[in-house]
Amino acid sequence: VGHCHPDIVKAAHEQNQLLNTNSRYLHDNLVDYAERLSKTLPEKLCIFYFLNSGSEANDLALRLARQYTGHEDVIVLDHAYHGHLTSLIDISPYKFRNLEGQKEWVHVAPVPDTYRGLYREDHENSVTAYADEVKNIIEHAHKRGRKIAAFFAESLPSVGGQIIPPAGYFQKVAEHVHKAGGVFIADEIQVGFGRVGKHFWAFQLQGEDFIPDIVTMGKPIGNGHPLACVATTKEIAEAFAATGVEYFNTFGGNPVSCAVGLAVLDVIEKEHLQAHATEVGNFLMKILKEQQIKHPIIGDVRGCGLFIGVDLIK
């Protein structure tokens, strides 16, 4: 919402003067913020865990998935990056290929990229073809006696090249993953909070009939303040709680962070930032496409709202 936005600075300053403590102490800000966030999400995503960073959120999502399913393996998209913790380097091909390599419990699916990928715009059904790649991975894993805990993907792959997956891809993937007893995790850390313009969450671009089992949030959630969130279903949260090991985070969901989170949502609403992202994004796409006509080096211009990629080619 903009560097040092006065509303955000004010909210943090005022709450800092009153009280800042950990989330073991009850505070209205925590509940108020969870309620406000829940209004932006499908109804079944109604349990919230607050943390400090996107990496922490993705690590917790991994734990939730494994506890709920009783399985270990994870399917990720090629070139993905999900955070800097050891557990997340392991599911980030962008990183692990330069470090310790691929673990046996990690499976890499091709990015649903219809410009450079395996199945392109001219393919008769790229959605099914890309989803079938995931189905094949699951079948091969099962033959080796492995079980899928989660399909873990950014709603719009960012480090992988600002990819816009074809609509319907996530629905088909979720079908295969659920059949295998796994869950679908949507990483909204870079692309959430109205950045795509027409929707508040990027996973909503896939259609109203698609709802992830877990959604992770970070980066824009606190406008630079250390704040992150995992939203999930009651069933998954209950399975996690059943271990008797409570989830606790010293700073996650503290009153100051929640005041900042509430202020961010206020600014997005008050300043019509979603509509702004749509308008500015459309304008930028238009002028980039004009450049594409003039310059052969610009192979593709793609995007949604203020999530835009320019693919340069030889």
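Criteria and cut-off values
Residues numbered from 1 in each chain as written. Predicted model: local features only at pLDDT ≥ 70, side-chain atom pairs only at ≥ 80, totals over all residues. Heavy atoms only, no water. UniProt positions renumbered as here; feature names shortened; annotations may be inferred. Salt bridge = Lys/Arg side-chain N within 4 Å of Asp/Glu carboxyl O. Helix = DSSP H or I, 4+ residues; strand = E, 2+ residues; numbered from the N terminus. Buried < 20%, exposed > 50% of the residue type's maximum accessible area, 1.4 Å probe, protein only.

An unreviewed UniProt entry lists the protein chain under the name AT2L2 lyase, from Illadopsis cleaveri. Quoted verbatim from the Sequence similarities (unreviewed entry) field of UniProt, the annotation for the protein chain is "Belongs to the class-III pyridoxal-phosphate-dependent aminotransferase family." Of the protein chain, the UniProt comment under Cofactor (unreviewed entry) reads exactly: "pyridoxal 5'-phosphate".

(A) Quick peek at the pattern of salt bridges. As enumerated under the stated definition, the model contains 16 salt bridges in all. The residue Glu246 makes a salt bridge to Arg24 at a minimum N-O spacing of 2.7 Å. One end of the pair, Glu246, is in the loop between α8 (234-241) and α9 (255-270); the other, Arg24, is in the loop between α1 (6-18) and α2 (28-38), and 222 residues separate them in sequence. By the burial criterion, Glu246 is exposed, and Arg24 matches it. When the shortest N-O distance is used, the salt bridge between Asp78 and Arg97 registers 2.6 Å. Taken as a pair, Asp78 in the loop between β2 (73-77) and α4 (86-89) and Arg97 in the loop between α5 (93-96) and β3 (106-109) lie far apart in primary sequence, 19 residues in all. Here the salt bridges do not stand alone but share partners, grouping Glu72, Asp73, Glu104 and Arg146 into one network.

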